[in-house]
Amino acid sequence: MTGTPSPDDTRRGVLVEAATIGLTTGAYGISFGALSVTAGLSVWQTMALSALMFTGASQFAMVSVLAGGGSAVAAVAGSALLGLRNLFYGLRMRQILQPSPALSLPAAHLTIDESTAMALAHYDRPVPRPALAFWSTGLSVFVLWNTGSLIGALGASSIGDPQRWGLDAAVPAAFLALLWPQITSHRLLGVAIVSAAIGMALTPVLSPGLPVLCAALVPFLFLRRSS
Amino acid sequence: MIWAAVLLGSAACYALKALGFVVPERVLDKPLMAQLVAMFPVALLAALLAVVTVADGMSITVDARVAAVAAAAVALTLRAPFLVVVVVGAATAAIIRALGG
């Protein structure tokens, strides 16, 4: 989901890059909107997630736990666990951007994978523009992600039987696409395989939503003393 | 029930983001914590992937979704962008179902 930073350090270069990342996530927002409505959320609920939660993987998690018959508690816990990384992005952004207390509140809302990656990339450049990179990327993703979600949600509510179009099968495809770039080591591959196995093994035993939460214990098995 | 989950989940996700801007750094800056944070998304996404691929309520069903995930994996090895991967998954399942599979 993260755009490859180009070496253009001008103000305009940063803005073009931010707009490009926004367009990419907008396309991804279309699939979120469509899948959310297919999963049984209303257009308004879908838009509330995109505007208020505004962190893609957590939104997909909430929608699919609810669609699978999971409880509200399981859905909230799943999306919060996936949103945990934003806490660490926030730490880093505070160091780099040093926003005033008033600006910290909107900055926190825009702290996601894309804006963090752009701010970090432009922090290390010969002409550092981390604040411009952060705000322009955050705002462009926010606007286009929400626009995409709305298009997808309205589109999906007008096409009839979602199964006929394979939209239910688009959900695991989306999770695979989110997971794929994160498997960067053998250890993470191990975490993924064990977690998937636990999710499947517990499905017939526990009520929907809980097998996924049990997989949150898997990382503790893979901790190393020194790394 | 859905609205409660949507609003509580949104509040939780915002609280986590905002916490990073207010919590003293040394509280979170632990090597074990960094490892866990790298692994949590992988564990949850992998479990979600597995469950939405084969779960049908509380039973396991192998159907067109499995083929859709395999097709999505092929698209990813060919470096397809996110939306293309999702469309390939949906199209695969749609075609299999249209053929009566």
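The structure displayed is predicted, hence computed values, not measured ones.

Rules and cut-offs
- Residues numbered from 1 in each chain as written.
- Chains lettered and ligands numbered in written order.
- Predicted model: local features only at pLDDT ≥ 70, side-chain atom pairs only at ≥ 80, totals over all residues.
- Helix = DSSP H or I, 4+ residues; strand = E, 2+ residues; numbered from the N terminus.
- Rg over C-alpha atoms; globule rule 2.2 N^0.38 Å.
- Buried ≥ 20, exposed ≤ 12 C-beta atoms within 10 Å, placed from the backbone.
- Contact = placed C-beta atoms within 7 Å.
- Domains from an automatic or database assignment.
- Nonpolar A, V, L, I, M, F, W, Y, C, P; charged D, E, K, R; others polar.
- Axes fitted to C-alpha atoms, helices over the stretch in contact; angles between N-to-C directions.
- Parallel < 35°, antiparallel > 145°, perpendicular 65-115°, else oblique.
- Left-handed = near helix turned anticlockwise from the far one by under 90°.
- Expected span 1.5 Å × (residues − 1).
- Arc of directions from axis to C-beta.

K.L.:
Where do I start with the overall build of chain A in this structure?
P.N.:
The number of helices and strands found in chain A is 11 helices and zero strands. Starting at the N terminus and walking to the C terminus, you meet the elements of chain A as α-α-α-α-α-α-α-α-α-α-α. Taken against the 2.2 N^0.38 rule, which gives 17 Å for 227 residues, the C-alpha radius of gyration of chain A at 19 Å falls within 12% of a compact globule. Within chain A, the proportion of its 227 residues that are buried is 56%. Sequence-distant contacts in chain A: of pairs separated by 6 or more residues, those separated by 24 or more amount to 68%.

K.L.:
What's the story with the overall build of chain B in this structure? I'm lost.
P.N.:
Within chain B, the regular secondary structure consists of five helices and two strands. N-terminal to C-terminal, the α/β element order of chain B is α-α-α-β-β-α-α. Its C-alpha atoms give chain B a radius of gyration of 19 Å, more than 25% over the compact-globule value 13 Å for 101 residues. With the C-alpha coordinates aligned to their principal axes, the bounding extent of chain B is approximately 60 × 40 × 25 Å. Per-residue burial for chain B yields a buried fraction of 44% across its 101 residues.

K.L.:
I'm lost on the domain arrangement of chain A in this one. Help?
P.N.:
The extent of an interface is frequently quoted as the accessible surface area lost upon association of the parts. Residue and element names in this part refer to chain A. Split by domain assignment, chain A resolves into domain 1 (11–165) and domain 2 (183–227). Taking the mean C-alpha position of each, domain 1 and domain 2 sit 24 Å from one another. Contact with domain 1, which involves 10 residues of that partner, is made by six residues of domain 2. Per-element accounting of the side of domain 1 that touches domain 2 gives the leading share, five residues, to helix 4 (residues 72–97). Partitioning the side of domain 1 that touches domain 2 into residue classes produces five nonpolar, five polar and no charged.

K.L.:
In this structure, what is going on with the packing of helix 4 of chain A against helix 6 (residues 113–123) of chain A? I would like to understand it.
P.N.:
Each packed pair of helices is defined by two parameters, the angle between the axes and the distance between the axes. All names here are of chain A. In the contact formed by helix 4 and helix 6, the axes pass within 11 Å of each other and the chain directions differ by 40°. Our classification of the angle between helix 4 and helix 6 gives oblique. Where helix 4 crosses over helix 6, the handedness of that crossing is left-handed. From helix 4, Y89, R92, M93, I96 and L97 reach across to helix 6, where they touch T116, A119 and Y123. The residue inventory of the contact of helix 4 with helix 6, partitioned by class, reads six nonpolar, one polar and one charged.

K.L.:
What's the story with unusual backbone geometry in this structure? I'm lost.
P.N.:
Across residues other than glycine, the phi torsion is negative in most instances, and most of the peptide bonds are trans. With a phi close to 45°, A:F54 is a non-glycine residue in the positive phi region. Counting through the fold element by element, A:F54 comes out in the loop between helix 2 (43–53) and helix 3 (56–67). Look at A:F54 and you get buried, because 24 C-beta atoms sit within 10 Å. Here B:R79, not a glycine, exhibits a phi torsion of approximately 65°, which is positive. Turning to its location among the elements, B:R79 is positioned in the loop between helix 4 (64–77) and helix 5 (82–98). C-beta crowding within 10 Å serves as the criterion here: with 8 such atoms nearby, B:R79 is assigned to the exposed category.

K.L.:
Is there a simple way to think about the interface of chain A and chain B in this case?
P.N.:
Taken together, the contact pairs 85 residues of chain A with 65 residues of chain B. Of all the elements, helix 4 of chain A adds the most residues to the side of chain A that touches chain B, at 18 residues. Each residue belonging to the side of chain A that touches chain B can be placed in one class, and the counts come to 58 nonpolar, 22 polar and five charged.

K.L.:
What am I meant to see in the environment of B:T61 here?
P.N.:
When you line up the elements, B:T61 lands in the loop between strand 2 (59–60) and helix 4. Dropping the residues within four chain positions of it, B:T61 is found in contact with B:V54 and B:D56.

K.L.:
I'm lost on helix 9 (residues 186–202) of chain A in this one. Help?
P.N.:
Since the α-helix packs 3.6 residues into each turn, any two residues three or four apart lie on the same face. In this model helix 9 of chain A runs 24 Å from its N-terminal to its C-terminal C-alpha over 17 residues, within 8% of the 24 Å that 1.5 Å per residue would give. Listed in full, the buried residues belonging to helix 9 of chain A are A:L188, A:V191, A:A192, A:S195, A:A196, A:I198 and A:G199. End-on view of helix 9 of chain A: buried residues confined to an arc of 165°, all on one side of the axis. Tucked inside the fold, the buried residues of helix 9 of chain A contact helix 8 (167–179), helix 10 (210–214) and helix 11 (218–221) of chain A together with helix 3 (31–54) of chain B.

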